[in-house]
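A structural walkthrough
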Amino acid sequence: MQWEVMMNRAMDYIEENLAGKIDFARAARVAACSKWEFSRAFSMAASVSVAEYVRGRRMTLAAVDLKNGEKVIDVAVKYGYESSTAFSRAFRRFHQMSPTEARTHHGVLNGIPKIVFKAAAEKEQNGKTIGVIGAVTVDRVVTENAEVQQIHRTNRNFWDGCGEEQLGRITLPQWGAFLGEKTCGFLRDLRGKRVLEIACGDGRSLCWCAKQGAAELWGIDLSGVQLAQARESLQGEPCPVFLLQTAMETLEGVPEQYFDIVFSVYGIGWATDLAATFRRIAAVLKPNGTFQFSWSHPFHKCTSFQSGSLTVHKSYHDESWYSLQVPGGDVCMRDRTVSSYINALIGAGFSVERMIEDAGNIPEDGVSLFVEKARMIPITLAIQARKC
């Protein structure tokens, strides 16, 4: 059996026993190796000792429990501390605040996601093909091929730099140009819901969700700069917030069957593998959970409007990658047909509940070419799907 499969079984055992006693010898047996080999392999792949990882995971879950109203002494006992004093010292070292302060802290606390191991791409060494063992953590995806890595690197560098200034950002309650939540009605009731945003950027949409009463917020993005801005934006929000730097195609570190709602505002189109992205989103959603996303309408992307005439400048069926030069750098883009989105959703186990192509609130007195184009064709595609 593959190494990563055995290691992930051991990680499942650890995760299931965070609130209790963990027998590392048993974890090693699950991984089919000795305790020493397990500890060494984990440390080499994850760049952290297994004991330190467990402490971090316990402190991550402890913060959520405190936010949910559990008593400090109960949380201390739950995660194996003999006294609330010892627990409080460990908690302060990890979160830079006391458990009592964390209970009322309005903002983002530190967190360590569950690690998932994978085997990296094979490489040549001394004329032989060998497998390279590596850990996929929140900011390191070692299983991507070179082309995907380059696309991620190019787009991440752009958003780390001047992406928002050059391309702008559409955030909730807007789903796109001339299309708002008032028209879509995708997120009518977020009260008490666990919510994940794909490509969360600077966190403004998550702030909107917090104001609608969401119980727990998660955001993922490739850009560390954008996530740093999101961390600042979300300070002061009353619910727990977790931000991870990871790819939407893998969602490493995001818990499975955990969320009531996953959404993305103009983010899904950046996916390098649409089918894999939708499968991962389905995996992290609870049964009957919903997925809502918006992106530039495919027909809008292949047409231009000038002098009152609509011109098709590229094939609607062309889904190949292309490099787009914009002020401040290059971005890698890909246009997909509507059927590509629908079929990928169906293939991932979703049922499509609603698709919106009309703009809803185009200004009647608008005179710009963009407004004139929006009167002729849809600018934004918005879809709501439900996990079957």
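Above this note sits the structure.
First, a word on what this report is: a plain description of the structure on this page. Bear in mind that the values here come from a model prediction, so they are computed numbers and not experimental data.

Calculation criteria
Starting from 1, residues in each chain are numbered consecutively following that chain's sequence as written. Selection of residues for local features in this predicted model requires a pLDDT of at least 70, selection of side-chain atom pairs for listing and counting requires 80 or more, and totals for whole chains, interfaces and linings are taken over all residues. Just so you know, side-chain values use all the structure's heavy atoms and leave hydrogens and water out. Secondary structure elements are defined from DSSP: runs of H or I of at least 4 residues count as helices, runs of E of at least 2 residues count as strands, and each element is numbered from the N terminus. Burial classes: relative accessible area under 20% of the type maximum marks a residue as buried, over 50% as exposed, and values in between as partly exposed (1.4 Å probe, protein chains only). The criterion used for residue contact is that any of the two residues' heavy atoms lie within 4.5 Å. All accessible areas in this document rest on Shrake-Rupley with a 1.4 Å probe, and a residue is counted as covered only by the protein chains that are shown. Side-chain atoms within 4.5 Å are what join buried Ala, Val, Leu, Ile, Met, Phe, Trp, Tyr and Cys residues into a set we call a nonpolar core. By construction, the arc corresponds to the directions joining the helix axis to the C-beta atoms. N or O atoms closer than or at 3.5 Å make up a polar contact, with two conditions inside protein: a donor-capable atom paired with an acceptor-capable one, and, for residues adjacent in sequence, both atoms drawn from side chains. Orientation is described by lines fitted to C-alpha atoms, with helices fitted over the stretch in contact, and by angles between N-to-C directions that extend from 0 to 180 degrees. Roughly parallel means an angle under 35 degrees; roughly antiparallel means over 145; roughly perpendicular covers 65 to 115; every other angle is labelled oblique. Both site types are read off a 1 Å grid over the protein atoms alone. A 1.4 Å probe that fits but cannot get out defines a cavity, while an open set with protein on both sides within 12 Å along at least five of seven lines defines a pocket; lining residues have an atom within 4 Å of a point. Grid points are joined across faces, edges and corners, and a volume is the space filled by probe spheres set on the points. Put simply, Ala, Val, Leu, Ile, Met, Phe, Trp, Tyr, Cys and Pro go in the nonpolar bin, Asp, Glu, Lys and Arg in the charged bin, and everything else, Gly too, in the polar bin.

A word on the overall build of the chain
- Along the chain, the regular secondary structure elements total 16 helices and 17 strands.
- Burial status across the chain gives 50% buried among its 388 residues.
- Contacts in the chain between residues at least 24 apart in sequence constitute 66% of all its contacts with a sequence separation of at least 6.
- If you sum the accessible surface of the chain, you get close to 18000 Å²; carbon and sulfur atoms cover 50% of it.

Looking at the side chain of Ser-294
- For Ser-294, the position within the fold is in strand 11 (residues 285-296).
- Judged by its relative accessible area of 0%, Ser-294 falls in the buried class.
- Leave out the neighbours within four places in its chain, and Ser-294 touches Trp-175, Ser-264, Val-265, Tyr-266, Gly-267, Thr-380, Leu-381 and Ala-382.

Quick look at the nonpolar core
- One finds Ile-268, Phe-278, Ile-281 and Phe-291 to be the most contacted residues of the largest nonpolar core, which totals 43 residues.
- Counting 27 residues, the second largest nonpolar core, distinct from the first, contains Cys-207, Trp-208, Leu-217 and Ala-382.

Observations concerning the side chain of Asn-155
- Within the element layout of this structure, Asn-155 appears in helix 8 (residues 146-161).
- Judged by relative accessible area, which is 5%, Asn-155 ranks as buried.
- Discounting residues that sit within four places of it in the chain, Asn-155 has contacts with Trp-270, Val-331 and Cys-332.

Notes on helix 12 (residues 224-233)
- Restricting attention to buried positions, one finds in helix 12 the residues Gln-226, Leu-227 and Ala-230. Projected down its long axis, helix 12 shows its buried positions confined to an angular sector of 95°, all on one face.
- Among the residues of helix 12, the N-terminal cap falls to Ser-223, whose side-chain oxygen and the backbone nitrogen of Val-225 are separated by 3.4 Å.

Observations concerning the packing of helix 1 (residues 3-16) against helix 3 (residues 35-46)
- It is the contact of helix 1 with helix 3, at a shortest axis distance of 12 Å, that shows an interaxial angle of 100°. For the element pair helix 1 / helix 3, the angle class is roughly perpendicular. Contact with helix 1, carried on its side by Trp-3, Met-7, Ala-10, Met-11 and Ile-14, involves Phe-38, Ala-41, Phe-42 and Ala-45 of helix 3 and no other residues of that element.

A few points about the layout of surface pockets
- Put simply, the second largest pocket is a space of about 640 Å³.
- Taken together, 28 residues line the second largest pocket, and the ones lying closest to its centre are Glu-15, Lys-114, Val-254, Pro-255 and Glu-256.
- Contributions of two or more residues to the lining of the second largest pocket are made by helix 1, helix 4 (50-67), strand 1 (116-119), strand 8 (216-221) and strand 9 (241-245).
- Counting residues per element, the lining of the second largest pocket draws most heavily on helix 4, at four residues.
- Looking at side-chain class alone, the lining of the second largest pocket contains 13 nonpolar, five polar and 10 charged residues.

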